Amino acid sequence: MSGELEQISSTNKLNYKKVEFMGTDGWVELELSSEHGQQIFSRIETSVIEHLLANS
């Protein structure tokens, strides 16, 4: 994943540029503009933000 974490007031927001995941054939880029890609990313977004904040 590449992008940046932005804090607006007390809300954290991910501005991501590229997201990849490990598929059965290696790394696969997540199509961020597709509805399916948005659904997948929305399920992990909170965990990603928590991880970034804990390791900053």
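See the structure printed just above.
If you're wondering where the values come from, they're calculated on a predicted model, not measured in any experiment.

### Focus on the overall build of the chain
In step 1: When helices and strands are tallied, the chain shows one helix and four strands.
In step 2: Among the 56 residues that make up the chain, the fraction classed as buried is 16%.
In step 3: Accessible area for the chain stands at about 4,500 Å²; split by element, carbon and sulfur atoms hold 49% of it.
In step 4: If you average the places of the 4 positive and of the 9 negative side-chain charges in the chain, the two averages end up 3 Å apart.

### Re helix 1 (residues 35-54)
Residues spaced three or four apart along an α-helix point in a common direction, a consequence of the helix completing one turn every 3.6 residues.
In step 1: Taking 1.5 Å per residue as the helical rise, helix 1 with its 20 residues ought to reach 28 Å, and the 29 Å between its terminal C-alpha atoms agrees with that figure.
In step 2: Its axis deflected by about 45° at I44, helix 1 carries its strongest bend there.
In step 3: Among the residues of helix 1, G37, F41, V48 and I49 are the ones counted as buried.
In step 4: Those residues of helix 1 hidden inside the fold are in contact with strand 1 (2-8) and strand 2 (11-18).

### Quick look at the nonpolar core
Nonpolar side chains in soluble globular proteins generally cluster together in the buried interior.
In step 1: Counting residues in hydrophobic clusters, the biggest one holds seven residues: L14, V19, L30, L32, F41, V48 and I49.
In step 2: Counting residues per element, this core draws most heavily on helix 1, which supplies three residues.
In step 3: Sequence-distant contacts of I49, defined by excluding residues within four places in its chain, comprise L5, N12 and L14.

Conventions we followed
- Counting of residues starts from 1 at the beginning of each chain's written sequence and follows it residue by residue.
- Residues qualify for local features only when their pLDDT is at least 70, as the model is predicted, and side-chain atom pairs are given and counted only at 80 or more; totals for whole chains, interfaces and linings, by contrast, use all residues.
- Hydrogens and waters are ignored; side-chain quantities use all the structure's heavy atoms.
- For helices the rule is a DSSP run of H or I covering at least 4 residues; for strands it is a run of E covering at least 2, with both sets numbered from the N terminus onward.
- When accessible area is computed with a 1.4 Å probe and restricted to protein chains, residues below 20% of their type maximum are described as buried, those above 50% as exposed, and intermediate ones as partly exposed.
- Every accessible area reported is derived by Shrake-Rupley at a probe size of 1.4 Å, with residue values counting cover from the shown protein chains alone.
- Working convention for charge: Lys and Arg count positive, Asp and Glu count negative, and His plus the chain ends are omitted.
- Lys charges are placed at NZ, Arg charges at CZ, Asp charges at CG and Glu charges at CD.
- What a helix is expected to span follows from its residue count: subtract one and scale by 1.5 Å.
- Bend at a given residue is defined as the angle between two axes, one fitted to the seven residues that end at that position and one fitted to the seven that begin there.
- Here, residues are in contact when the closest pair of their heavy atoms is within 4.5 Å.
- Among the buried residues, those of types Ala, Val, Leu, Ile, Met, Phe, Trp, Tyr and Cys that are joined through side-chain atoms within 4.5 Å form a nonpolar core.

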